[in-house]
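Next come the chains, spelled out residue by residue.
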Amino acid sequence: MADSSAPVWLVVGLGNPGPSYAGHRHNVGYLVTDELATRMGASFRAHKSGRAEVVEGRLGMPGQPGPRVVLMRARGYMNESGGPVKQLAGFYKVPPERIVAIHDELDIPFDTMRVKLGGGDNGHNGLRSMRSSLGTGDFYRVRVGIGRPPGRQDVADFVLSNYSSAERKILPFQVDRAADAVETLITEGLETTQQRFNS
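Before going further, it helps to spend a moment on helix α2 (residues 82-91). Considered for burial, the residues of α2 that qualify are Gly82, Pro84, Val85, Leu88 and Ala89. Each buried residue of α2 lies within a common arc of 165° when the element is viewed along its axis, so the set occupies one face. Buried-residue contacts for α2 involve β1 (8-13), β3 (52-58), β4 (68-74), β5 (99-105) and α3 (125-134). Lysine 93 sits one or two residues past α2 and shows a positive phi near 55°.

To continue, consider the confidence of the model for the protein. This prediction gives the protein a mean pLDDT of 93; 97% of its residues lie at or above 70. Within the protein, the lowest mean pLDDT, 94, falls on helix α4 (residues 155-159), and the highest, 98, falls on strand β7 (residues 140-145).

What follows deals with the sheet that holds β4. The seven strands lie next to each other as β2-β3-β4-β1-β5-β7-β6, forming an open sheet whose pairing is mixed. Taken across any chain shown, the strands that pair with only one partner, and hence form the sheet edges, are β2 (45-46) and β6 (113-117). As paired strands, β2 and β3 are joined by two bridges and run antiparallel to one another. Within β3, the residue paired with arginine 45 across the bridge is valine 54. Set on the sheet, helix α5 (residues 165-188) makes contact with β1, β4, β5, β6 and β7; between it and β7 the angle comes to about 165°.

Conventions we followed
Residues numbered from 1 in each chain as written. Predicted model: local features only at pLDDT ≥ 70, side-chain atom pairs only at ≥ 80, totals over all residues. Heavy atoms only, no water. Buried < 20%, exposed > 50% of the residue type's maximum accessible area, 1.4 Å probe, protein only. Helix = DSSP H or I, 4+ residues; strand = E, 2+ residues; numbered from the N terminus. Arc of directions from axis to C-beta. Contact = heavy atoms within 4.5 Å. pLDDT = per-residue confidence, 0-100. Pairing = 2+ DSSP bridges. Axes fitted to C-alpha atoms, helices over the stretch in contact; angles between N-to-C directions.

Okay, here's the thing in structure tokens:
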């Protein structure tokens, strides 16, 4: 990357690797980082640590030298995301306040989202692992709503199941909007992002 002195943002898509998990609600973080990679005109490749796949580049308006960004997804499971995040944060010299985690959120209805800095884990294994490894929860979260399971369905079964056919029609728009929120967050800051995207 040119201008290696510019600060780097680490954008973490939380999910589980492999085709059997690909369409799950729990993997919406992967979908959003895929969209961001497309916008950056690059594909994920293995990081030399062997523990993650990354895309390096810039995000922002065409023609503008946007911020330096590393998109990342861990190669391990959701509940072990923290170790690879900490390793890459060290490698790219990224402090927690320039880390963005994109994850599914049960307490927000489907097709809505919220962006915030810090907060609890709310039972989310990926966030818990990141907090534990980084030693702080003070990183940004783009919380993509999946809603609560219908009836008495177990939460774990719900997050590890595919979106409904009705949801799948809307999902590309939700993913696109979440990618917009990540771009806005790193180019214009939290307050503007919250005003524009928090529903």
